[in-house]
Protein chains: 2
Amino acid sequence: MEPVSQRKNSGATSATTRARRAVANGAGASERRDHLVKLAAELFARKGFQATTVREIALEAGILSGSLYHHFDSKETIVDEVLRTFLDDVTARYRAVLSGDGDPRSVLSEMVRIGFGSLDAHRAAITVMQNDWSYLRSLPDDRFGYLDRAEDEVERMWVEQIQRGQAVGQFRSDVDPKLTYRMIRDTVWVTARWFRPDGHLDTGALADHFVKVVFDGLASGDETGGSR
Amino acid sequence: MEPVSQRKNSGATSATTRARRAVANGAGASERRDHLVKLAAELFARKGFQATTVREIALEAGILSGSLYHHFDSKETIVDEVLRTFLDDVTARYRAVLSGDGDPRSVLSEMVRIGFGSLDAHRAAITVMQNDWSYLRSLPDDRFGYLDRAEDEVERMWVEQIQRGQAVGQFRSDVDPKLTYRMIRDTVWVTARWFRPDGHLDTGALADHFVKVVFDGLASGDETGGSR
DNA sequence: GTCTATAACTAGATAGAC
DNA sequence: GTCTATCTAGTTATAGAC
């Protein structure tokens, strides 16, 4: 038996034309649907994809679980949309920066800023991506194979810039580009675990701090011990 | 109906005295039990705590799910033991280093090495800790409250060393100690996601690389752009 | 210490009324 | 677009035989 419905929307957007699926992106979009995806993303982020039940998602939206299936054909479809929305946005931003003519250091710095900046709009999605990646990839079909492909593409972008920076002498050459990329990537995304938009630092300050340490190092300039 | 049992251990360690519970650590220990915990940890790490069923754990051990409950009173108890074993080990190592008289830079460097080094013995536990932390903390009782307490203690250790390093001039003073700690912590632990012990780099090389970048920076020494 | 059998429950998903 | 009602399958955990 389902819990009693606590109606919030007793008739708003009642009979709007909702045949506008399959537009913009390939998946299908509507404001109602987007809202449900957002609610679900927050729950997925907080408790994990599997620990979140369709009943909880529905409850949060003020409807019953069965009604969710009018919008989505499965729970997987919801998380799919959460992740795709984020990945599409961030890869598009990366491409925009790379199409410019910045030097490696400023391009990399800009990419770091894009990463931290995406915490504002995509914090939940980033958390889900990290926590539930291995589970989603362990599913029998290849539905989430695009995760690996997106990761590969992004890795190429970063590694190329690091190598370019080494070639022109902006970055030290005794670091491994791929390892360095992973280090940066991990540090940026993992921030989603504890970052709160209403906290005392914003994503810009976070990026500034990170760029400072990674580019120039934690050691004070006037010190022994540095083996450089 | 359970799958057919594929007996692996047809009588080994058959009638060993197994009343030696509640020793060493508080939880309870036996080789058999430890082995089961290890198997479970690998599964938890691969698929997530909730996606891993007690049937799978039992299957992996060559027994049936009911038999698991001779060793553990619940699935939660198993993951509890996975996490405690790791946390006890790593905090003990931190304390050992801090009880020495090293300068901040070498202490911090040693702590980084402990972190990466723990990937060898605790890779699965570290993965579980990261992926399932928020779920375990969301459980009704406070059973996993020690996670927060351990985190707090470790944070104090790190932040103190960073501040000490700033005080003696080993570390630059224009970075936030707490933020820097989080950055380091996250980067070290998150490595568990992709690190493979049989890969082409070991945990020592990983630590070397990380220390190099974080202490001395990615920028080449002879370059403009560094605002220091 | 393991197995057999099953209880008690919860999950995702569906069909059709409104 | 939502609700009611329900199906099916899978989950943790238990009881008692061996």
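For clarity, every value in this text was computed on a predicted model and none was experimentally measured.

Asker: Got a minute to help me understand the interface of chain B and chain A in this structure?
Answerer: Interfaces are often described in size by the accessible area the parts lose on coming together. Contacts between chain B and chain A engage 48 residues on the former and 48 residues on the latter. Between chain B and chain A, a total of about 4,600 Å² is buried, with carbon and sulfur atoms accounting for 56% of that surface. When the buried surface of chain B facing chain A is broken down by residue, Trp194(B), His209(B) and Leu218(B) rank first, second and third, together holding 15% of it. Scanning the region where chain B abuts chain A turns up 2 salt bridges. The closest approach of N and O atoms between Lys212(B) and Asp174(A), which form a salt bridge, is 3.8 Å. Here chain B is connected to chain A by 29 residue pairs in polar contact (both at pLDDT 80 or more). Put simply, the parts of the chain that give the side of chain B that touches chain A at least two residues each are α1 (31-47), α5 (104-138), α7 (177-190) and α8 (203-216) of chain B. Looking at the side of chain B that touches chain A residue by residue, the class counts come to 18 nonpolar, 16 polar and 14 charged.

Asker: Help me out: how do you make sense of the relation of the copies chain B and chain A in this one?
Answerer: Taken together, a rotation about one axis and a shift along it account for how the two chain copies relate. It takes a turn of 180° to lay chain B on chain A, together with a shift of 0.0 Å along the axis; the resulting RMSD is 0.0 Å. A rotation of that kind, with that shift, is consistent with a two-fold axis. Among all residues of chain B, the one whose C-alpha sits closest to the rotation axis is Gly217(B), at a distance of 1.8 Å. Most of the interface of chain B is mirrored in chain A, where 100% of its interface residues are also at the interface.

Asker: Sorry if this is basic, but what is going on with the environment of Ser138(A) here?
Answerer: Turning to its location among the elements, Ser138(A) is positioned in the loop between α5 (104-137) and α6 (145-167). Polar contacts involving the side chain of Ser138(A) include one to the main-chain carbonyl oxygen of Tyr135(A), which spans 2.7 Å.

Asker: Hey, could you run me through the packing of helix α6 (residues 145-167) of chain B against α7(B) in this one?
Answerer: Residues and elements named next belong to chain B. Interaxial distance between α6 and α7 falls to 9 Å at its minimum, and their mutual angle equals 120°. Taken together, the axes of α6 and α7 are oblique relative to one another. Crossing of α6 over α7 shows right-handed handedness. Each of Glu151, Val154, Glu155, Trp158, Val159, Ile162, Gln163 and Gln166 in α6 lies in contact with α7, whose residues at this interface are Pro177, Lys178, Thr180, Tyr181, Arg182, Ile184 and Arg185.

Asker: Just checking my understanding: could you explain the nonpolar core for this structure?
Answerer: Nonpolar side chains tend to gather and get buried jointly when the protein is soluble and globular. Counting 142 residues, the largest nonpolar core has Tyr94(A), Trp158(A), Tyr94(B) and Trp158(B) as its most contacted members. Setting aside residues no more than four positions away along its own chain, Tyr94(B) makes contact with Met111(B), Ile114(B), Val154(B), Met157(B), Trp158(B) and Trp189(B).

Asker: Looking at this structure, I do not really get the packing of aromatic side chains. What am I missing?
Answerer: Two descriptors summarise a pair of aromatic rings, namely the distance from one centre to the other and the angle between the planes of the rings. Under the criterion given, the structure shown has 16 aromatic pairs over all chains. With 6.2 Å between their ring centres and 35° between their planes, Phe49(A) and Tyr135(A) make a pair best called tilted. Of the two residues, Phe49(A) sits in the loop between α1 (31-47) and α2 (54-61) while Tyr135(A) sits in helix α5, which places them 86 residues apart along the sequence. Across the pair, Tyr135(A) and Phe49(A) agree in class, each one buried. Here the aromatic residues Phe44(A), Phe49(A) and Tyr135(A) are joined through ring pairs into a cluster of three or more. Of note, Arg182(A) hangs over the ring of Trp194(B), and the distance from its end group to the ring centre comes to 4.4 Å.

Asker: Whenever I open this one, α7(B) confuses me. Can you help?
Answerer: In an α-helix there are 3.6 residues to a turn, and that puts residues three or four apart on one side. All names here are of chain B. Here α7 contains 14 residues, and its C-alpha end-to-end distance of 20 Å stays within 8% of the 20 Å for a straight helix at 1.5 Å per residue. Most of α7 sits out of view: 12 of its 14 residues are buried. All of the buried residues in α7 are Pro177, Leu179, Thr180, Tyr181, Met183, Ile184, Arg185, Asp186, Thr187, Val188, Trp189 and Val190.

Asker: For this particular structure, what's the right way to read helix α8 (residues 203-216) of chain A?
Answerer: Between its first and last C-alpha, α8(A) extends 20 Å over 14 residues, near the 20 Å set by a 1.5 Å rise per residue. The element α8(A) is extensively covered by neighbouring structure, given that 10 of its 14 residues are classed as buried. Within α8(A), burial applies to Thr203(A), Leu206(A), Ala207(A), His209(A), Phe210(A), Val211(A), Val213(A), Val214(A), Phe215(A) and Asp216(A). Summarising the contacts, the buried residues of α8(A) are in contact with α5 and α7 (177-190) of chain A together with α7 and α8 of chain B. The N-capping residue of α8(A), defined by a side-chain oxygen 3.2 Å from the backbone nitrogen of Gly204(A), is Asp202(A). One or two steps after α8(A), the chain reaches Gly217(A), where phi turns positive at roughly 90°.

Asker: What am I meant to see in the UniProt feature "DNA-binding region" (unreviewed entry) in chain A here?
Answerer: Under the present numbering, the feature "DNA-binding region" (unreviewed entry) in UniProt falls on residues 53-72 of chain A. Here residues 53-72 of chain A is 60% helix and 0% strand, with 14 Å between the C-alpha atoms at its ends.

Asker: Mind showing me how you'd approach the pattern of salt bridges here?
Answerer: Opposite charge on two side chains lets them pair, provided their charged atoms get close. Residue and element names in this part refer to chain A. Under the defined criterion, the tally for this structure stands at 34 salt bridges over all chains. We note a salt bridge from Arg185 to Asp186, for which the minimum N-O separation is 3.0 Å. Of the two residues, Arg185 and Asp186, both sit in the buried class. Within the structure, one salt-bridge network assembled from shared partners comprises Glu76, Asp80, Arg84 and Arg143.

Asker: Mind showing me how you'd approach the packing of α5(B) against α6(B) here?
Answerer: Two measures define how a pair of helices packs: the angle their axes make with one another and the distance between the axes. Residues and elements named next belong to chain B. Running from N to C, α5 and α6 point in directions that differ by 155°, and their axes come no closer than 13 Å. Looking at the two axes, α5 sits roughly antiparallel to α6. Our pair here, α5 against α6, has a crossing hand that is left-handed. Between α5 and α6, the contacting residues are Pro104, Val107, Leu108, Met111, Val112, Trp133 and Arg137 on the first element and Gly145, Leu147, Asp148, Glu151, Met157, Trp158, Gln161, Ile162, Arg164 and Gly165 on the second.

Asker: Is there a simple way to explain the environment of Asp34(B) in this structure?
Answerer: All names here are of chain B. Position of Asp34 among the secondary structure elements: in helix α1. With a relative accessible area of 39%, Asp34 lands in the partly exposed category. Through-space distance from the C-alpha of Asp34 to that of Ile78 is 9.8 Å; in sequence the pair is 44 residues apart.

Asker: Is there a simple way to think about the confidence of the model for chain A in this case?
Answerer: Interpretation of this model should avoid reading the predicted coordinates in detail wherever pLDDT is low. All names here are of chain A. Residues at a pLDDT of 70 or more form 85% of chain A, whose mean pLDDT is 88. Within the model, pLDDT remains below 50 along residues 3-26, and this stretch shows 17 contacts once partners closer than five positions in the same chain are excluded. In this model residues 223-228 is a low-confidence stretch, pLDDT under 50, and it forms 12 contacts with partners more than four residues away in sequence or in other chains.

Calculation notes
- Residues numbered from 1 in each chain as written.
- Chains lettered and ligands numbered in written order.
- Predicted model: local features only at pLDDT ≥ 70, side-chain atom pairs only at ≥ 80, totals over all residues.
- Heavy atoms only, no water.
- Contact = heavy atoms within 4.5 Å.
- Buried area = accessible area lost by both parts, 1.4 Å probe.
- Salt bridge = Lys/Arg side-chain N within 4 Å of Asp/Glu carboxyl O.
- Polar contact = N/O pair within 3.5 Å; in protein donor to acceptor, adjacent residues only side chain to side chain.
- Helix = DSSP H or I, 4+ residues; strand = E, 2+ residues; numbered from the N terminus.
- Nonpolar A, V, L, I, M, F, W, Y, C, P; charged D, E, K, R; others polar.
- Least-squares fit on C-alpha atoms with pLDDT ≥ 70 in both.
- Axes fitted to C-alpha atoms, helices over the stretch in contact; angles between N-to-C directions.
- Parallel < 35°, antiparallel > 145°, perpendicular 65-115°, else oblique.
- Left-handed = near helix turned anticlockwise from the far one by under 90°.
- Core = buried A, V, L, I, M, F, W, Y, C linked by side-chain atoms within 4.5 Å.
- Buried < 20%, exposed > 50% of the residue type's maximum accessible area, 1.4 Å probe, protein only.
- Phe/Tyr/Trp six-rings, centres within 6.5 Å; stacked < 30°, edge-to-face > 60°.
- Lys NZ or Arg CZ within 6 Å of the ring centre and 35° of its normal.
- Expected span 1.5 Å × (residues − 1).
- UniProt positions renumbered as here; feature names shortened; annotations may be inferred.
- pLDDT = per-residue confidence, 0-100.

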